[in-house]
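Listed below are the residues making up each chain.
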Number of protein chains: 2
Amino acid sequence: MLEEIEIVKPEEIEKRSMEIIDSILGETAWTGLELSIVKRCIHTSADFDYAKNLYFSENSAKIAVDALKRGASIITDTKMAASGINKKKLAQLGGSVYCFMDDSDVAREAKARGVTRSSVCMERGMALPGEKIFAVGNAPTALIRLYELIGSGKVSPAAVIGVPVGFVNVEESKQLIMKTAVPCIVAQGRKGGSNIAAAICNALIYAGSGR
Amino acid sequence: MLEEIEIVKPEEIEKRSMEIIDSILGETAWTGLELSIVKRCIHTSADFDYAKNLYFSENSAKIAVDALKRGASIITDTKMAASGINKKKLAQLGGSVYCFMDDSDVAREAKARGVTRSSVCMERGMALPGEKIFAVGNAPTALIRLYELIGSGKVSPAAVIGVPVGFVNVEESKQLIMKTAVPCIVAQGRKGGSNIAAAICNALIYAGSGR
């Protein structure tokens, strides 16, 4: 049975995968940078719903890539996304990834205030210097807190990637962020997650570094 | 608009999510431990395909939980899964998580042999002492290498979680592992990923620690 498996060279696997995704996608309205983001989401999940549920506010992908090229940092609410983002390529552009979820003072403050750690993480990110892209892959509460911080003028992100996953306030949080004037990329509906957040960040980073 | 969002206490969010998943699942053949694993996969992806595509070899979930209770370690081919596994709870049971993907000697050896880093990672895992659960969330080549190592008697995992995602040899690799006598949990088809691997590991760990 092992003999039936065609050996594909490691460096060929991603290319071949993308060709298969192209052939399954067929005719699609997506082009250019947005198409590359859609494909990377499908690549990480094998879920073609991402060809339908992704929302880009006007020019948001290009705006995010330009910010990364200027050295913008990425703040995320999930350690898994932080782990999946290509930090080497991002560093070459001058940026870093920040995730404050495991900081003991974040846990302490969240408990004292009765809010999620993710909300507090967004506030920690807000305080960082320089241009910032927020990538929310887990907690709708992070996206809701961002919406509040944007509304009160306390933070002005270069872009927001809003792809929390789940069942409690997830869709509502995405609708909130889509109503702001901040450039955003959102997976509409319940789907999303750390893998999707990392995939979108990586697609943007690769576009910025001309990979 | 913010006022329309019902505030749910952080500690209530997961419970509420699971209730919603239950209500959407409705009548299901899954029960007990297997149901808890199915639900955690849906919780991390919002993708109800996992109610249909998960395969458990006979008693595999129980066998994996028992191994974890005896202190089995988890070896994974993805840093993201390693990051998402609850290492604190696992340590309380006596186990650790290992991922060798970033080891420089792994990259060197993989390049020299023309194989993937993931394959070499499985060999590194094989050499660890004690009981081992392999959780493959990314590379079908890791699962194929495991199949070979099992077939040649070089490794005898307590259990294999086979949930690589993608388009090149993914389905074939899962079929191979399902043919072995090793207890396995597999997401049939193209779907899977780091988030699914971590979700299954965590469901097993929580069952083992009576959370």
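Calculation rules
Residues numbered from 1 in each chain as written. Chains lettered and ligands numbered in written order. Predicted model: local features only at pLDDT ≥ 70, side-chain atom pairs only at ≥ 80, totals over all residues. Heavy atoms only, no water. Contact = heavy atoms within 4.5 Å. Salt bridge = Lys/Arg side-chain N within 4 Å of Asp/Glu carboxyl O. Polar contact = N/O pair within 3.5 Å; in protein donor to acceptor, adjacent residues only side chain to side chain. Helix = DSSP H or I, 4+ residues; strand = E, 2+ residues; numbered from the N terminus. Nonpolar A, V, L, I, M, F, W, Y, C, P; charged D, E, K, R; others polar. Buried < 20%, exposed > 50% of the residue type's maximum accessible area, 1.4 Å probe, protein only. Expected span 1.5 Å × (residues − 1). Arc of directions from axis to C-beta. Least-squares fit on C-alpha atoms with pLDDT ≥ 70 in both.

**Student:** Give a detailed account of the interface of chain B and chain A, specifying residues and quantitative values.
**Tutor:** How big an interface is tends to be reported as the loss of accessible area on association of its parts. Contacts between the two partners involve 46 residues from chain B and, on the opposite side, 47 residues from chain A. At the boundary of chain B with chain A, the tally comes to zero salt bridges. Where chain B meets chain A, there are four residue pairs in polar contact (both at pLDDT 80 or more). Looking at the side of chain B that touches chain A, the elements that each hand over two or more residues are helix H1 (10–25), helix H2 (32–45), helix H5 (79–84), helix H9 (140–151), helix H10 (170–179) and helix H11 (194–208) of chain B. With seven residues, the top contributor of residues to the side of chain B that touches chain A is H1 of chain B. Across the side of chain B that touches chain A, the residue classes break down as 22 nonpolar, 15 polar and nine charged.

**Student:** Tell me about unusual backbone geometry, and name the residues and values.
**Tutor:** Residue and element names in this part refer to chain A. In this structure, Ala46 is a non-glycine residue whose phi angle is positive, near 55 degrees. Examined against the element boundaries, Ala46 turns out to sit in the loop between helix H2 (32–45) and helix H3 (50–53). In this structure, Asn169 is a non-glycine residue whose phi angle is positive, near 65 degrees. Position of Asn169 relative to the elements: it lies in the loop between strand E5 (159–162) and helix H10 (170–179). Judged by relative accessible area, which is 15%, Asn169 ranks as buried.

**Student:** Tell me about the side chain of Ser194 of chain B, and please be specific about residues and values.
**Tutor:** Along the chain, Ser194 of chain B falls in helix H11. Residues within four places of Ser194 of chain B in sequence aside, it is in contact with Met80 of chain A together with Thr78, Met80, Ala81 and Gly137 of chain B.

**Student:** Explain the pattern of salt bridges to me, using residue names and the numbers behind them.
**Tutor:** Residues and elements named next belong to chain A. The full count for this structure, using the stated rule, is 34 salt bridges over all chains. Across the pair Asp22 and Lys39 runs a salt bridge, and its minimum N-O distance is 3.0 Å. Of this pair, Asp22 sits in helix H1 (residues 10–25) while Lys39 sits in helix H2; the two residues are 17 residues apart in sequence, bridging distant segments of the chain. Each of Asp105, Glu109, Arg113, Glu123, Arg124, Arg145 and Glu148 takes part in salt bridges that share partners, so that together they form one network.

**Student:** Got a sec to walk through the side chain of Thr116 of chain A? Specific residues and values, please.
**Tutor:** As for its position among the elements, Thr116 of chain A is in the loop between helix H7 (104–113) and helix H8 (117–126). For Thr116 of chain A, a relative accessible area of 10% puts it in the buried group. Reaching out from Thr116 of chain A, the side chain makes a polar contact with the side chain of Thr141 of chain A at a distance of 2.7 Å. Thr116 of chain A has contacts with Ala110 and Thr141 of chain A together with Pro10 and Ile13 of chain B, leaving out every residue within four places of it along the chain.

**Student:** I'd like a rundown of H1 of chain B, residues and numbers included.
**Tutor:** All names here are of chain B. The end-to-end C-alpha separation of H1 is 24 Å, in line with the 22 Å expected for 16 residues at 1.5 Å each. Where H1 is concerned, the buried positions are Ser17, Met18, Ile21 and Leu25. Taken around the axis of H1, the buried residues stretch over an arc of 95 degrees, which confines them to a single face. Of the exposed residues in H1, those oriented more than 90 degrees away from the buried face are Glu11 and Ser23. If you follow the buried residues of H1, they end up packed against H2 and helix H3 (50–53).

**Student:** How would you explain the relation of the copies chain B and chain A if you had to name every residue and give the values?
**Tutor:** Superposition of chain B onto chain A requires a rotation of 180 degrees combined with a translation of 0.0 Å along the rotation axis, giving an RMSD of 0.0 Å. Look at the turn and shift together and you get a two-fold axis relating the two. Closest to the rotation axis within chain B is the C-alpha of Met80 of chain B, separated from it by 2.4 Å.

**Student:** I'd like a description of helix H9 (residues 140–151) of chain A, backed by residues and values.
**Tutor:** Helix length check: H9 of chain A (twelve residues) gives 16 Å between terminal C-alpha atoms against 16 Å at 1.5 Å per residue, within 8%. The buried count for H9 of chain A comes to nine of twelve residues, which makes it a mostly enclosed element. Among the residues of H9 of chain A, Pro140, Thr141, Ala142, Leu143, Ile144, Arg145, Leu146, Leu149 and Ile150 of chain A are the ones counted as buried. Buried positions along H9 of chain A lie against H7, H8, strand E4 (132–136), E5 and H10 of chain A together with H1 of chain B. Gly153 of chain A occupies a position one or two residues after H9 of chain A and carries a positive phi of about 75 degrees.

**Student:** Give a description of the environment of Ile75 of chain B that names residues and reports values.
**Tutor:** Residue and element names in this part refer to chain B. Locating Ile75 in the fold gives a position in strand E2 (residues 73–76). Assessed through its relative accessible area of 0%, Ile75 is described here as buried. Counting along the chain gives 32 residues from Ile75 to His43, while the straight-line C-alpha distance between them is 23 Å. Excluding anything up to four places from it in sequence, Ile75 contacts Tyr98, Phe100, Cys121, Met122, Gly125, Leu128, Lys132, Ile133, Phe134 and Ala135.

Purely geometric numbers; function is a separate question.
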